[in-house]
Amino acid sequence: MTASPELGTARTASPELFRSVFRQHAAGVAVITAMGDRPVGFTATSLNSVAATPPLVSFGVGTSSSSWPVVAEAEHIGVHILGEHQRELAATFARSGADRFGPATSWRSGPEGVPVLDGVSAWLVCRVVSRVPAGDHRIVIAQAVVGDPAGGGRPLLYHQGRFNALRD
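Being a predicted model, the structure only gives us computed values, none of them experimental. Along each chain, residues carry numbers from 1 onward, in the same order as the chain's sequence is written. Under the rules for a predicted model, residues below a pLDDT of 70 receive no local features and side-chain atom pairs below 80 are neither given nor counted, while totals for whole chains, interfaces and linings still include all residues. Computation of side-chain values: all heavy atoms of the structure, hydrogens and water removed.

**Student:** Can you walk me through the sheet that holds strand β13 (residues 156–159) in this structure?
**Tutor:** Strands in a sheet are paired, the pairing made by backbone hydrogen bonds, and the direction either parallel or antiparallel. Think of it this way: DSSP has to see at least two bridges between two strands before they count as a pair. Strands here are runs of E lasting at least two residues and helices are runs of H or I lasting at least four, both read from the DSSP assignment and numbered beginning at the N terminus. Pairing within the open sheet is antiparallel, and its three strands lie in the order β3-β13-β14. Pairing within the sheet leaves two strands with one partner each, and these edge strands are β3 (27–28) and β14 (162–165). What makes two residues a contact is simply this: any of their non-hydrogen atoms within 4.5 Å. To define axes, lines are fitted to C-alpha atoms, for helices over the stretch in contact only, and angles between the resulting N-to-C directions are given on a 0 to 180 degree scale. Packing of helix α3 (residues 87–94) onto the sheet brings it into contact with β13 and β14, and relative to β14 it is tilted by some 160°.

**Student:** What's the story with the layout of surface pockets in this structure? I'm lost.
**Tutor:** Picture a little ball the size of a water molecule; that probe, rolled over the atoms, points out where space is still empty. A pocket, in this scheme, is an open set of points on a 1 Å grid over the protein atoms alone with protein on both sides within 12 Å along at least 5 of 7 lines, while a cavity is a set where a 1.4 Å probe fits but cannot get out; residues line either one if an atom lies within 4 Å of a point. Grid points are joined across faces, edges and corners, and a volume is the space filled by probe spheres set on the points. Taken as a whole, the largest pocket holds about 1,500 Å³ of empty space. Together, 38 residues line the largest pocket, and A44, T45, S46, G60 and H137 are the ones closest to its centre. Taken together, the elements giving at least two residues each to the lining of the largest pocket come down to α1 (15–22), β3, β5 (39–44), β7 (56–62), α3 and β12 (137–148). Class assignment of the residues belonging to the lining of the largest pocket gives a composition of 17 nonpolar, 16 polar and five charged. All residues other than Ala, Val, Leu, Ile, Met, Phe, Trp, Tyr, Cys, Pro, Asp, Glu, Lys and Arg, Gly among them, are scored as polar; the first ten of these are nonpolar and the last four charged.

**Student:** Help me understand the environment of L82 in this model?
**Tutor:** On the secondary structure map, L82 appears in the loop between β8 (76–81) and α3. For the pair L82 and V120, spaced 38 residues apart in sequence, the C-alpha to C-alpha distance is 5.3 Å. Ignoring sequence-local partners within four residues, the contact set of L82 consists of V29, A30, V31, L89, A90, V120, S121, P155 and L156.

**Student:** In this structure, what is going on with the environment of R87? I would like to understand it.
**Tutor:** By the secondary structure assignment, R87 is in helix α3. Along the chain, R87 and A10 lie 77 residues apart, while their C-alpha atoms are 34 Å from each other. With sequence-adjacent residues up to four places away left out, R87 is seen in contact with L156, F163, N164 and A165.

**Student:** In this structure, what is going on with unusual backbone geometry? I would like to understand it.
**Tutor:** The bulk of non-glycine residues show a negative phi, and the bulk of peptide bonds are trans. In this structure, P54 follows T53 across a cis peptide bond, with omega equal to -5°. Mapped onto the elements of the fold, P54 is located in the loop between β6 (48–51) and β7. Not every positive phi belongs to a glycine, and Q160 is a case in point at roughly 55°. With respect to the secondary-structure elements, Q160 resides in the loop between β13 and β14. Think of it in three bands: residues with accessible area under 20% of the maximum for their type are buried, residues over 50% are exposed, and the middle band is partly exposed, with areas taken using a 1.4 Å probe on protein chains only. On the accessibility criterion, Q160 (36% relative accessible area) is partly exposed.

Following this line, the structure appears as structure tokens:
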């Protein structure tokens, strides 16, 4: 390894280094939902727009996640873009063992039976087209079939291990 005054000291890649690097990357916050025997959901900062034609999104989900068994079988999933006022909702869906669809969460059964969260900035219901193995995760690619961008507002971001609001 070499040190460069401009770059600091390079370290060999490891899970810890990888997490440290990505703490520097601000990401939008979404909640992914699906319906099996019960509704499941998790907070995701890996949501990406893949293509406009056809309209495809992707996100990563850990295979050890409590949501994975349902997402692994789901034909449709919900994608919810969170606003800056939804830090607690993001934390609930990120917390292991939380009652994610309990009384504190306002939601309804949406198109294709997918759980749709109320009060979000925007949402999509998507048909899963692929699940790609990627280490201890799967990259899910899904095609949007219906949605609503009307929630508006400012986005919730994740940076330095915390939920943050966008500053001008």
